[in-house]
Amino acid sequence: MTVVSNDPSWWPLINWSILFSYFVVSASVMMSYDWVLALGQEIELIWMKRWSHMTILYLSVRYCGILTAVVNVLAILPSVSLTDASCATIFRVQIWANFVILSMLDVIIIVRLYAMYQQSRKILVFLVVIFLAVTIVFGVITGKISNYGSESAEEFILSGTYQCIFSGGDGGVPLLNAVTWILTTAWEILALCFAVWIVIKHFRELRQTPTGSTIGDCFMVLIRTHVFYFAFFTAVSCFNLGWLSPNITGSDSVADVFYYGTFQIASVVQQFVLGPRLILSVRASNAKLVANSDEGVDMSTVAFQEGMHDASTDDGVLGS
């Protein structure tokens, strides 16, 4: 049921919503700008190459991000009128899109590590088991949060502005959200440790070999993109854990807006900018190796990169 009010007591919330909408729009613009900048590479390295499971993951993350950005903007703009049902639908889309996209990014990380560990089945099984355990818990909690939010979703018309407001299930959402991000952060730390360990191991083994420089460059691409991604994931996790503080979740202050706004930007960059670049940067590195080689490329020097197909597929480090 739509609630209409011109009570001045709502003005702090109205101002909060308007200021926060600037952050949401800014995050969407940043993501769109990155997509435009990378479009040429995307066409060359994704669309023009033979399709594989990594191609599908890339396109899913990239274009789900664009769809999610549109939904986020519609949900927060005070000039857009939405019914209670629309508010509930938008909340479900936001919460489940976050779950699906993070799960796809985790699959990308697993494939990268599988390739870096010479397609070790032990490593693959270990990572998949941990991933499934975390994802199942994540999915159950996401379902509960989705039910809490969608059941309490209401449209408010406050002094001529439109707001979608969710009660949050009597404080249960922040706690469930914190549990989710503790688990997923532990998973990301584990994945980062695996990546750093194999890089150190390979650098030691290849320091004196003729092909060490080539493979070292490939590993540097992998570890650099992984570290950037992990750094933003850590930032997002810290913001999520901060929601446990009543000083943050119960405030309409400007500092609170900047807290949520910074979280929004960091989350978008982590998922929809650095996420797709986990694949794109590696394919670009492979293309550069091929272009700089007189004989194409000696794929034996990057054998660790191959996954499900032959080296001649040019699908690169990700084994896609």
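Just so it is clear, the model here is predicted, and its values are computed rather than measured.

What counts and what doesn't
- One numbering rule holds for all chains: residues counted from 1, following each sequence as written.
- Thresholds applied to this predicted model are a pLDDT of at least 70 for local features of residues and 80 or more for the giving and counting of side-chain atom pairs; totals over whole chains, interfaces and linings are not thresholded and use all residues.
- Remark: hydrogens and water are excluded; side-chain values derive from all non-hydrogen atoms of the structure.
- Think of each axis as a best-fit line through the C-alpha atoms, taken over the contacting stretch in the case of a helix, with angles from 0 to 180 degrees between the N-to-C directions.
- Under the DSSP-based scheme used, a helix requires at least four consecutive residues in state H or I and a strand at least two consecutive residues in state E, with every element numbered from the N terminus.
- Any angle from 65 to 115 degrees is called roughly perpendicular, while one under 35 is roughly parallel, one over 145 is roughly antiparallel, and all others are oblique.
- By the convention adopted, Pro, Cys, Tyr, Trp, Phe, Met, Ile, Leu, Val and Ala count as nonpolar, Lys, Arg, Asp and Glu as charged, and the other residues, Gly among them, as polar.
- The rule for a salt bridge is simple: a side-chain nitrogen of Lys or Arg has to be within 4 Å of a carboxyl oxygen of Asp or Glu.
- For the exposure calls, accessible area comes from a 1.4 Å probe over protein chains only, and a residue counts as buried if that area is under 20% of its type's maximum, exposed if over 50%, partly exposed in between.
- Residues are treated as being in contact if the distance between any of their heavy atoms lies within 4.5 Å.
- By this rule the span expected of a helix is its residue count minus one, scaled by 1.5 Å.

Draft legend 1. Spotlight on the packing of helix 3 (residues 84-116) against helix 4 (residues 121-152). Helix 4 packs onto helix 3 with a crossing angle of 175 degrees between their chain directions and a minimal axis gap of 10 Å. Taken together, the axes of helix 3 and helix 4 are roughly antiparallel relative to one another. A breakdown of the residues in the contact of helix 3 with helix 4 according to their chemical character gives 16 nonpolar, 9 polar and 2 charged.

Draft legend 2. The arrangement of the pattern of salt bridges in detail. Scanning all chains against the criterion turns up 3 salt bridges. Residues Arg277 and Asp34 are paired through a salt bridge, measuring 2.8 Å at the closest nitrogen-oxygen approach. On the criterion of sequence distance, the pair formed by Arg277 in helix 8 (residues 254-292) and Asp34 in helix 1 (residues 11-47) is long-range, its members being 243 residues apart. On the accessibility criterion, Arg277 (27% relative accessible area) is partly exposed. Here Glu42 and Arg62 are joined by a salt bridge, their closest N and O atoms 3.9 Å apart. In this pair, Glu42 sits in helix 1 while Arg62 sits in helix 2 (residues 53-76), placing the two residues 20 residues apart along the sequence. For the pair formed by Glu42 and Arg62, the shared burial category is buried. Each of the salt bridges in this network shares a partner with another, and the network as a whole consists of Asp34, Glu42, Arg62 and Arg277.

Draft legend 3. Inspection of the side chain of Thr68 at higher detail. Counting through the fold element by element, Thr68 comes out in helix 2. The class for Thr68 is buried, based on a relative accessible area of 11%. In this structure, Thr68 is in contact with Ala97, Ile101 and Phe272, ignoring residues within four places of it in sequence.

Draft legend 4. Helix 3, seen in detail. Helix length check: helix 3, at 33 residues, gives a terminal C-alpha distance of 48 Å against a target of 48 Å (1.5 Å per residue), a fit within 8%. Here helix 3 lies mainly inside the structure; 24 of its 33 residues are buried. Gln118 sits one or two positions beyond helix 3 and adopts a positive phi of about 55 degrees.

Draft legend 5. Quick peek at the side chain of Thr135. Its place among the elements puts Thr135 in helix 4. For Thr135, a relative accessible area of 15% corresponds to the buried category. With residues up to four places along the chain from it excluded, the contact list for Thr135 reads Phe99 and Ser103.

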